[in-house]
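Breakdown of the fold
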Amino acid sequence: MYQSIGAQPKSTNWGLVTSVVANVALVGAIGVVALSQSHADPALESAIRTAPVVAPMVHMAPRAFQGKSFRMNNRAVIRPNAEESLGFKGYIPYPDTTGASLTPLPAKQDPSPYSAELRATAKAIVADGKGILACDESTKTIGKRLEQIGVPNEESYRRAWRELLFRTPNMNEAISSAILYEETLFQNAADGTPFVDIMKANNVIPGIKVDTGVRATFMDGETITEGIDGLAERAQKYYKQGARFAKWRGVLRIDPNGAPSMEAIEGNARALAQYGKICQMNGLVPIIEPEVLMDGAHGIEVQRWVTEKVQAATMKALSDVNIEWEGMLLKPNMILPGTDSGKTASPEEVAENTVEGLMRTLPAAVPGITFLSGGQSEEEATRNLNAMNKMYPNAPWKLSFSFGRALQASVLKAWDGKEENVENAQKLFYALSKANGDASLGKFEGEHPATTGSLYEKNYVY
């Protein structure tokens, strides 16, 4: 897939094999994209929406390579030392290093039949002073949250918690939309009203998490996000239920043994691109989330370097599938030092490294960026977002938020699973939402309403 600059490893068989596999899959993907040019033929149009190609890189690495012999014998082949190989050496991309075939340029494609709606939805999500509530935790993950306040992980308590959030008075003053887990999208409130209807009545746009989790591959701890199979059909179902946007998270990490490998970067980029295109063809605005975890002992300069490479690869993959830039949003990590580095960064340093890195990678046609909090404390996430908007008021995209823990941690603690605490918990949720809404305008000032500290969890999963 990629050839590094400098000394080459003796063993190149793995690179040749992956190149061949990737290009065979890519040719298949191009064939499917070409079908969409026959827009006048309803049968062909249906085919592109209901039978999408699986992201080429997702199935690139057989599970057999997860064995101990592969990890020990081939570490040097992938990358001998992260600090050295990630130390600003660069990479030259080759679609096919074998020269066995030529890769055709993807065909020009008609826009999604939902194109106008996608653009309107994307703009509404990042409306001035508003952002996203990310409450798409899986049943297992929300169970861990409830356990912290002594509440059992039962459907009735999960419903009560989400209902508290969705019925918060005036939440739409700072919350434009909410990402839901599938259970929540189809769930009703205690009085039988569908959550989707409650959200719409409050002018909050429902969204849906569509990836199905990750599987281990490549180096120790690296993953590929899955969920492409059957995504078109699920997207149609979610749209019918009222969802108008979707989210897919690709996770990469930095460590001294060589992660992230270029294969992991490319594999997750292509999966994100295939997800994005399938969602657009079926009426959902895709939120593209390539997250580089802040786990590790590296400095802020390495976090920025890796994040830029990940974002650049993701934008290239999106271009390859003819994504409609105006009908998508990006959900990246902010740039901070590794959590084990012993270093901190001021909001101004975070803002500079984050926004200037995005200026190098993200097309101006994308309407907005909805940052993830990534384990920052509630206050830290707000102040970093505020600094970005104060320092870069003329950025080509809206700089907003898509916070989960950074909007819910203090509220969950205030609720404590008790009905008599709902009103006070809702007031706190409103205050936290407004703080971040103000930060998305660069206007947050004064004391922060949060009541919790660090929210960091190593190797965090939803």
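Residues numbered from 1 in each chain as written. Predicted model: local features only at pLDDT ≥ 70, side-chain atom pairs only at ≥ 80, totals over all residues. Heavy atoms only, no water.

1. Some thoughts on the packing of helix α12 (residues 262–281) against helix α13 (residues 300–320)
Threshold: Between N-to-C directions, angles span 0 to 180 degrees; the directions come from axes that are lines fitted to C-alpha atoms, helices contributing only their stretch in contact. Only DSSP runs of H or I covering at least 4 residues are called helices, and only runs of E covering at least 2 are called strands; the numbering of each starts at the N terminus. Any angle from 65 to 115 degrees is called roughly perpendicular, while one under 35 is roughly parallel, one over 145 is roughly antiparallel, and all others are oblique. Each crossing gets its handedness from the near helix: less than a right angle anticlockwise from the far helix is left-handed, clockwise is right-handed. Only heavy atoms matter for contacts: two residues are in contact if any of them lie within 4.5 Å across the pair. Gly counts as polar in this scheme, as do all residues outside two lists: the nonpolar Ala, Val, Leu, Ile, Met, Phe, Trp, Tyr, Cys and Pro, and the charged Asp, Glu, Lys and Arg.
At a closest axis distance of 8 Å, the pairing of α12 and α13 adopts a crossing angle of 40°. Taken together, α12 and α13 sit at an angle that is classed as oblique. Our pair here, α12 against α13, has a crossing hand that is right-handed. Residues I265, E266, A269, R270, L272 and A273 of α12 touch α13, and the partners they reach there are K309, V310, A313, T314, A317 and L318. Of the residues contributing to the contact of α12 with α13, the split by class is eight nonpolar, one polar and three charged.

2. Some thoughts on helix α14 (residues 347–359)
Residues lying three or four places apart along an α-helix face the same way, a consequence of the helix completing one turn every 3.6 residues. Put simply, the test is: A helix is expected to span 1.5 Å multiplied by its residue count minus one. Relative accessibility under 20% of the residue-type maximum defines a buried residue, over 50% an exposed one, and the middle range a partly exposed one, all with a 1.4 Å probe and only protein chains included.
With 13 residues, α14 extends 18 Å from end C-alpha to end C-alpha; this agrees with the ideal 18 Å at 1.5 Å per step. All of the buried residues along α14 are V350, A351, N353, T354, V355, G357 and L358. If you follow the buried residues of α14, they end up packed against α13, β10 (329–330), β11 (368–371), α15 (378–391) and β12 (398–403).

3. Here we look at α12
With 20 residues, α12 ought to run about 28 Å at 1.5 Å a step, and its terminal C-alpha atoms sit 29 Å apart, in line with that. Burial of α12 is extensive: 20 of the 20 residues sit out of reach of the surface. Positioned one or two residues after α12, G283 has a phi angle of 90°, which is positive.

4. Some remarks on the environment of D229
Looking at where D229 falls in the secondary structure, it is placed in the loop between β7 (223–225) and α11 (231–241). Each C-alpha atom of the pair D229 and Y275 lies 9.9 Å from the other, and the pair is 46 residues apart in sequence.

5. Examining the pattern of salt bridges
Our working rule: Salt-bridge detection follows one rule: a side-chain nitrogen of Lys or Arg within 4 Å of a carboxyl oxygen of Asp or Glu.
Here the structure, examined in full by the defined rule, presents 23 salt bridges. For the salt bridge of R244 with E117, the shortest nitrogen-to-oxygen distance reads 3.1 Å. Of the two residues, R244 sits in the loop between α11 and β8 (245–252) while E117 sits in helix α6 (residues 115–125), which places them 127 residues apart along the sequence. Take R244: its relative accessible area is 21%, and that puts it in the partly exposed class. In this structure, E289 and R249 form a salt bridge, with 4.0 Å as the shortest nitrogen-oxygen distance. Residue E289 is located in strand β9 (residues 285–292), and its partner R249 is located in strand β8; the two are separated by 40 residues in the primary sequence. Accessibility classification places E289 together with R249 in one group, the buried group. Via salt bridges that share partners, D136, K247, R249, E289 and E291 belong to a single interconnected network.

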